[in-house]
There are 2 protein chains.
Amino acid sequence: MTDNTPVECCERVTVHPEVVEQVRRNMPDEDTLYHLTELFHVFGDSTRMRILYVLFASEMCVCDIATLLGMTQSAISHQLRLLKSMRLVKARREGKTVFYALADDHVKTIINQGLDHVNE
Amino acid sequence: MTDNTPVECCERVTVHPEVVEQVRRNMPDEDTLYHLTELFHVFGDSTRMRILYVLFASEMCVCDIATLLGMTQSAISHQLRLLKSMRLVKARREGKTVFYALADDHVKTIINQGLDHVNE
DNA sequence: ATAACATATGAACAAATATTCATATGAGCA
DNA sequence: TGCTCATATGAATATTTGTTCATATGTTAT
């Protein structure tokens, strides 16, 4: 009870202050962890993942993506907006249609890394 | 209207059949995409991300992790179960306490890859 | 200006999931 | 055996978030 401000949770007799302190010092800042989580979060939805994977092949208009994935234009558009806000895709307008493409090679790299892990 | 089974969504006059067909052929199988999404999904939560990051430094008991993150033992335990089921962490019992550690280096690799991207 | 079409978007709804609460399990010790 | 502590877990709750629906915006052509 006299050790470093234990949180209300359990008795905390077993807390190892040295380890806790050492780890606390090496934690990356809140911001970095937040952005990191946010990044992975975007890849953690099957609709968004499929959109990104589809764009591996070529840029594509919203309508084509929707057709390909068998989903409504609206659903795809909402997700594209999120992907764009995360700078994972970019948009190019050509007349009435808007073509989306992967923003850069980071996306491919990250997804391929994940694939490596999934394929053991 | 005579092209390949357009989905109810919009008029679909702009659909590009060649592109759609080409992409459709190169899509990875459902299973792979599912597992891939599931993997990223685990990293897409700040509690789990922080748990994993904490374990970068050393193995740690549930109580210490809860103290470190300022969360209840129960919340941490639930997340650890999920992480364990995904084989991202492993558990080792020593008397009353259970120590958790990263299952292998894949976890570090994936997270570091993400960090690279976040840090531009 | 009006019509037609591709895309974007706000609000409502539905589904998924993280956390809490109460309690069970399991281990060490008197 | 009975007690204490660390962890696990089921059920309820609260929150987040993906999709739908209706409609707005922006572009081209007549």
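Parameters and conventions
- Residues numbered from 1 in each chain as written.
- Chains lettered and ligands numbered in written order.
- Predicted model: local features only at pLDDT ≥ 70, side-chain atom pairs only at ≥ 80, totals over all residues.
- Heavy atoms only, no water.
- Helix = DSSP H or I, 4+ residues; strand = E, 2+ residues; numbered from the N terminus.
- Buried < 20%, exposed > 50% of the residue type's maximum accessible area, 1.4 Å probe, protein only.
- Contact = heavy atoms within 4.5 Å.
- pLDDT = per-residue confidence, 0-100.
- Least-squares fit on C-alpha atoms with pLDDT ≥ 70 in both.

Could you give an account of the overall build of chain A, naming the residues involved and the relevant values?
Per the secondary structure count, chain A includes 6 helices and 3 strands. Each helix and strand of chain A, ordered N terminal to C terminal, gives the series α-α-α-β-α-α-β-β-α. Scored against the burial criterion, the 120 residues of chain A give a buried share of 44%. Within chain A, counting contacts between residues at least 6 apart in sequence, those at least 24 apart form 49% of the total.

Tell me about the confidence of the model for chain A, residues and numbers included.
Averaged over all residues, the pLDDT of chain A is 84; the fraction at 70 or higher stands at 87%. The least confident element of chain A is helix α1 (residues 17–26) of chain A, whose mean pLDDT is 74; the most confident is helix α5 (residues 73–85) of chain A, at 97.

Run through the side chain of histidine 117 of chain A, naming residues and quoting values.
With respect to the helices and strands, histidine 117 of chain A occurs in helix α6 (residues 105–118). By relative accessible area, histidine 117 of chain A is classed as buried at 15%. Excluding residues that lie within four positions of it along the chain, histidine 117 of chain A makes contacts with Leu39, Leu88, His106 and Ile110 of chain B.

Let's hear about the relation of the copies chain B and chain A: which residues, and what values?
Note on the copies: chain B fits chain A at an RMSD of 0.3 Å, the axial shift is 0.0 Å, and the rotation between them is 180°. The symmetry that links the two subunits is that of a two-fold axis. When the interface residues of chain B are mapped onto chain A, 98% of them again lie at the interface, so the same face is used by both copies.

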